[in-house]
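Secondary and tertiary structure notes
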Amino acid sequence: HDSSVTLFSFWSLASFLQGGNVWPGISLALAFLAKPLGLLVGVGWLVTRKWKQIIIAGLCFIITLTIVWPQSWKQPLIAVGEYLWRQTQMTSIPLPNFYAFPNWTYYPFQFIFRTPEAVLVGLVLAGWFYIHQSKTTRFWSQAAYCAFLLLVLSLAVVRTGIRYALPLLPWIYVAAGWGISQINRRWAAAIYLGLLLVPLVYYPNYYLYYNRLIGGPESAKKFDMVGLCLGNKAALEYLDQQQIPGVVAILGCADSGPYHTGRVLTKDLSKADIVVLESAHQQVFPASLAVLSLQKRQLLNIIKENGVITAYIYRR
C-alpha cells in the first residue's frame, strides 16, 4: 500500500507540474484508492493556483475514481466525502513501539538517520542553492505538499516505521539530486557512485539501514525500534538449513512465520521446543513474562543481519 500510494502520489504531482491534466487526475485517484493519504497531493495542486488545470484534473480524478471504485457506484457524488468522514470516526489504538524521544520528532528522526549521508549532503546543497535563487511555483508546490504531509503524519497515532512516510522520499531524492547536480561534475559523480553502493551492502533488508551519523543499525537500537518483523525469517531459515527439529514459537511477528518455513509453529510457549525472539519485540517488551521466561532456556544461536542482531533462538 505504501509503495503504491508513493508511486501514484509522485506521478500525480510531478505530471501536474509538467502541465498535465489527465494523468494527474488519474494518478491522484489511484493514490487515494491505495491510501486516503494520497489525496494530500491536492495541496500541491492548489498552491499553483492554476485553476483551469486543477478543474480538469479534478474531473479526471472523479471520473477515474467512479470507474475503478465499485463502492462509489452506489453513492457517486458523496462517496469520497463519506469515506473520509468514516476515517475520522475510527478509533485509533497506538501500536507498541520503542522510541527514545518525543513523538512529534519521530519522522524527522527517521529521515535524518535513515537517509544515506550522500543524500543529506545533496539536501544541504539544494537548500543552499534554493536560497540563492528565486523560488518558483514548482518549488512552493512541492514544499507545501511535503510539509503538509509531514504534519499529518506527525499528528497521527501510528508511528512504527519510515514506510508510513514513504511518499516523502521521492521528493527528498529529487531535491538532493538537483543539489548534487549543481556542483562540480567529478564530485557529483563520486557522490552518485557512493549512493549505488548502499543497496548492494544492505540487500535484501533495506529496512535495516541507518547512516553513520547515528552509528549504523546496532547503535540506532538505543533510540529506535530496529528490525521490526525481520528476525524470524533468518532464524527459521537457519533452523531448517541446520535440520534442527522441533515445534517453533515466535515472539514478535508470529503470523509471518508460515511464509518462511513449512515446519510446525505454535503461539503457545509451553508447547514450543524452540522459541525465536525477535530483537524488536525485546525492545518493546523487555520485561514481559514471555521474554523473561526464556532465561530458563538455552540460547541456541544469535541471528545477525547487516551488522545488527535481529533475533535470538532458544531451545529447551
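That block above? That's the structure.
A short tour of the structure in this document, coming up. Computed from a predicted model, the values in this text were never measured in an experiment.

A look at the sheet that holds strand β1 (residues 248-251)
Strand order in the open sheet formed by five strands is β2-β1-β3-β5-β4, and the pairing between neighbours is mixed. Looking at strand neighbours, the two that pair on one side only are β2 (265-266) and β4 (298-305), the edges of this open sheet. Sitting on the sheet, helix α12 (residues 231-241) touches β1, β2, β3 (274-278), β4 and β5 (308-315), and the angle it makes with β4 is about 120 degrees.

Comments concerning the packing of aromatic side chains
Throughout the structure, instances matching the rule amount to 21 aromatic pairs. A network of ring pairs unites the aromatic residues Y99, F101, Y106, Y107, F109, F113 and F223 as a single cluster. Directly above the ring of Y207 sits R114, whose terminal nitrogen or CZ lies 4.8 Å from the centroid. Of note, R114 hangs over the ring of Y210, and the distance from its end group to the ring centre comes to 4.5 Å.

Quick look at the pairing of β4
Summarising the sheet, β4 and β5 pair through seven bridges and their orientation is antiparallel. When the sheet's bridge partners are listed, I303 is paired in β5 with A311. Counted between consecutive antiparallel strands, the loop separating β4 from β5 contains two residues, among which N306 sits at a positive phi close to 50 degrees.

Here we look at empty space enclosed by the protein
Counted according to the given criterion, the structure contains two cavities of 30 Å³ or more. The computed volume of the largest cavity comes to approximately 60 Å³. In this structure, the largest cavity is lined by N97, Y106, R114, T160, G161, Y207, D224, M225, V226, G227 and L228. A per-class count over the lining of the largest cavity returns five nonpolar, four polar and two charged. Looking at the second largest cavity, its volume works out to about 30 Å³.

Conventions and cut-offs
Per chain, the residues get numbers from 1 upward, laid out in the order the sequence is written. Whole-chain, interface and lining totals are the exception, using all residues; otherwise, since this is a predicted model, local features are given only for residues with pLDDT of at least 70 and side-chain atom pairs are given and counted only at 80 or more. Only heavy atoms go into the side-chain values, all of them from the structure, while hydrogens and water stay out. A pair of strands is treated as paired once DSSP finds two or more bridges between them. We count a stretch as a helix when DSSP gives it H or I for four or more residues in a row; a strand needs E for two or more, and each element gets its number in order from the N terminus. Contacts are assigned to residue pairs with any non-hydrogen atoms lying within 4.5 Å of each other. The angle between two axes is taken between their N-to-C directions and runs from 0 to 180 degrees, where each axis is a line fitted to C-alpha atoms and a helix contributes only its stretch in contact. Planes of paired rings set the category: under 30 degrees apart is stacked, over 60 is edge-to-face and the rest tilted, where pairs are Phe, Tyr or Trp rings (Trp by its six-membered ring) whose centres lie within 6.5 Å. Here, a charge over a ring is recorded when the distance from Lys NZ or Arg CZ to the ring centre is within 6 Å and its angle to the ring normal is within 35 degrees. Using a 1 Å grid laid over the protein atoms alone, points where a 1.4 Å probe fits but cannot get out form a cavity; open sets with protein on both sides within 12 Å along at least 5 of 7 lines form a pocket; any residue with an atom within 4 Å of a point counts as lining. Grid points are joined across faces, edges and corners, and a volume is the space filled by probe spheres set on the points. Residues are grouped as follows: nonpolar covers Ala, Val, Leu, Ile, Met, Phe, Trp, Tyr, Cys and Pro; charged covers Asp, Glu, Lys and Arg; every other residue, Gly included, is treated as polar.

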